[in-house]
Amino acid sequence: MIRVTAIETGKARMKTAQRTGQDGRNGFQRKIDIFRDRNWVSPLPILCFLIEHPEGRFLVDTGDTWRNSVPGYLPRWNPFFTKEVSIRVAPQEEIGPRLSALGLDPARDLEAVILTHFHHDHTGGLDHFPHNRIIAPRENYEVSKGLKGMMMGCLPQRWPIWFRPELVEMDGPPVGPFASSHPITEDGRIFLVPTPGHARGHVAVVVRAEDVTYFLAGDATYDEANLRAEKADGVTNDPALSVATLKAIKAFATNEPTIILPAHDPEGPSRLDHRQVFA
Ligand SMILES: [Zn+2]
């Protein structure tokens, strides 16, 4: 029996121009649009997903940390962190306490943590997993470290000093519209697919349960409406690549009954509860 559970780890606020970019604007223009935009979307959930599988439990992404709101945590030289996004996480909303509340001890009860990408609202909870295998896409890791990463929404200077993720390539067979994949479980029911655009080397986690497929989209799209409309977000450096990824996800999800679960879609948990597939 395979089961997927959504775990909310606090809220993120962003500008409307970040959630949905304007067609025809390139990556640079989209960032200007975000700085100029005065409209904020309602607070969005920061979601992690727990997968229970016969080979073990897997956690997808780790959310952010309450320390994000402590002065000095975010670099002041990059106003994107401090002015364009607002992370609201209470200490007890972090992924560690959330897992404890479910009766889980990360060190004992998790087979691995999987990161879709290294943006800070997906890595901020890493401190809770010093004893775990952490699987992440190599291509995204390469652009997320150092100064380059700090320019692009990552906080490598805040990663735990013990952090040595198991970096993986998309070295597995094509799956439907995706040119490659990477297996996570022996039975092939959990695997990664490349979903670049929002960030270079971004991956999504696919879970093929007995009766339905779960598509844990990370930030490949912020919500199902933008996926349906093939609207790229405001932070992509390559809008055309983002749209190609959205088309691939749609093609995948129309081929087999699939529940779409992005990391910041307020409707995702209710689709999961009601087993509402993409159509
Ligand atoms: Zn992201």
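Now for a description of the structure that goes with this document. (Residues numbered from 1 in each chain as written. Predicted model: local features only at pLDDT ≥ 70, side-chain atom pairs only at ≥ 80, totals over all residues. Heavy atoms only, no water.)

The strand order S4-S1-S2-S3-S5-S6-S7 describes an open sheet built from seven strands, whose pairing is mixed. Of all the strands in the sheet, just strand S4 (85-88) and strand S7 (166-168) have a single pairing partner and so form its edges. With strand direction ignored, the average angle separating the axes of adjacent strands in the sheet is 30°. Across two bridges, the pairing between strand S5 (residues 112-114) and strand S6 (residues 134-137) is parallel. Residue Ile114 lies in a different strand from S6, and its bridge partner there is Ile135. (Pairing = 2+ DSSP bridges. Helix = DSSP H or I, 4+ residues; strand = E, 2+ residues; numbered from the N terminus. Axes fitted to C-alpha atoms, helices over the stretch in contact; angles between N-to-C directions.)

Only His117 (NE2), His119 (ND1), His198 (NE2) and Asp219 (OD) from the protein coordinate the zinc ion, and they sit 2.1 to 2.2 Å from it. On the primary sequence, the residues serving as donors to the zinc ion are separated as H-x1-H-x78-H-x20-D. Taken together, the residues His119 in the loop between S5 and helix H6 (120-123) and His198 in the loop between strand S9 (190-194) and strand S10 (203-208) connect sequence positions 79 residues apart. Overall, His119 belongs to the buried group, its relative accessible area being 11%. (Donors = N, O, S within 2.8 Å, 3.2 Å for Na, K, Ca; no water. Buried < 20%, exposed > 50% of the residue type's maximum accessible area, 1.4 Å probe, protein only.)

As a further point, take the sheet that holds strand S12 (residues 258-262). The strand order S8-S9-S10-S11-S12 describes an open sheet built from five strands, whose pairing is mixed. Looking along the sheet, the strands with just one partner apiece sit at the ends: strand S8 (182-183) and S12. Both S9 and S10 contribute to a ladder of five bridges, which runs antiparallel. By the bridge assignment, Val193 is partnered in S10 with Ala204.

So, about the side chain of Ser86. Tracing the backbone shows Ser86 in strand S4. Of note is the side chain of Ser86, whose polar atom sits 2.8 Å from the side chain of Arg88. Discounting residues that sit within four places of it in the chain, Ser86 has contacts with Lys11, Ala12, Arg13 and Trp40. (Polar contact = N/O pair within 3.5 Å; in protein donor to acceptor, adjacent residues only side chain to side chain. Contact = heavy atoms within 4.5 Å.)

Regular strands show a simple pattern: their side chains alternate between the two faces of the sheet. Among the five residues of S12, five are classified as buried, and the element is accordingly described as predominantly covered. Judged by which residues are buried, S12 turns out to be covered on both faces: Thr258, Ile260 and Pro262 on one side and Ile259 and Leu261 on the other are all buried. Inspection of the sheet shows strand S11 (residues 213-218) paired to S12 by five bridges, in the parallel sense. Paired with Gly218 across the two strands is Pro262, which belongs to S12.

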